[in-house]
Amino acid sequence: EPAATPDLGVERENAERMLPVFDSLLLATGIWEPRPYAPGDADFFWTALYLIGKNSGVKHPLVTENETSVTVPRQVMQEFASAAFFEYDDLLPVPESMSGTVQYDEQLDAYLLTQSDRGDSQPELLSVSIAEDGAVLAEFGLLGGDGKLMASAQFTLVENPYAHAIADPVFPYTVSAMSEVKT
């Protein structure tokens, strides 16, 4: 029997929940000097996770912040990684290059992320469609303070394989691919 036709309204709602991931991956790839989506590269991996945690983590009920840092429990950081990287199976060691912004606190079993200024850019989901193989394609844009599109990329999304193990998962999908950033 043919597969049921996906409900684009539901897929769009689920893709909206992924905005923190899209935003962070787009920023991690770099807008002015782009680098590729590289889940196995520790610098890229932790830059993306730092940005998810710092910019959007406080929306998660287990994340806390103060004037100098955002505290992200290890299991929440794993949840962020499972949404950002399809190839994810465990957190990579924090590279030396990120030691000034990401520190692991063994006693808290959490990552401390240094606060920084996000600027005035705003994330926006531009479109959602379904690929022939059933993957969800989400076009995401980053708008400047003037409301003009600064950069965009397309994300290929598949069902998050870790979501079933998380009570009330935040992210229904995982990113399996990202197009080159357009500026």
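Just above sits the structure.
Let me sum up the structure you'll find in this document. (Residues numbered from 1 in each chain as written. Predicted model: local features only at pLDDT ≥ 70, side-chain atom pairs only at ≥ 80, totals over all residues. Heavy atoms only, no water.)

### As for the sheet that holds strand β7 (residues 149–159)
Ordered in space as β5-β6-β7-β8, the 4 strands form an open sheet in which the pairing is antiparallel. A single partner strand is all that each edge strand has here, and the edge strands are β5 (122–130) and β8 (173–178). Across this sheet, the average inter-strand angle for adjacent strands is 35°, counted without regard to direction. The sheet contact formed by strand β6 (residues 136–143) and β7 spans 8 bridges and is antiparallel. Considered in β7, the bridge of G141 is made with S152. Strands in contact with helix α1 (residues 8–16) are β5, β6 and β8; relative to β5, the strand with the most contacts, it is inclined by about 145°. Against the sheet, helix α2 (residues 19–29) touches β5, β6, β7 and β8, its axis set at about 65° to β6. (Pairing = 2+ DSSP bridges. Helix = DSSP H or I, 4+ residues; strand = E, 2+ residues; numbered from the N terminus. Axes fitted to C-alpha atoms, helices over the stretch in contact; angles between N-to-C directions. Contact = heavy atoms within 4.5 Å.)

### As for the sheet that holds strand β1 (residues 64–65)
Taken together, the 4 strands give an open sheet; going across it, the order is β1-β2-β4-β3, and neighbouring strands pair in antiparallel fashion. Single-partner strands in this sheet number two, and they are β1 and β3 (102–105). Sitting on the sheet, helix α4 (residues 74–84) is in contact with β2 (69–73), β3 and β4 (110–114), with an inclination near 85° to β2.

### Quick look at unusual backbone geometry
Even without a glycine there, the phi angle at D109 is positive, about 50°. If you trace the backbone, D109 turns up in the loop between β3 and β4.

### Some words on the nonpolar core
Grouped together as the largest cluster of nonpolar side chains are 49 residues, with contacts concentrated most on F22, L25, L49 and F85. Top element by residues in this core is helix α3 (residues 42–56). It accounts for 8 residues. (Core = buried A, V, L, I, M, F, W, Y, C linked by side-chain atoms within 4.5 Å. Buried < 20%, exposed > 50% of the residue type's maximum accessible area, 1.4 Å probe, protein only.)

### Details of the side chain of S69
Take S69: it is sitting in strand β2. Taking relative accessible area as the criterion, S69 reaches 13% and is therefore assigned buried. For S69, the residues in contact, after removing those within four places along its chain, are T64, L113 and Q115.

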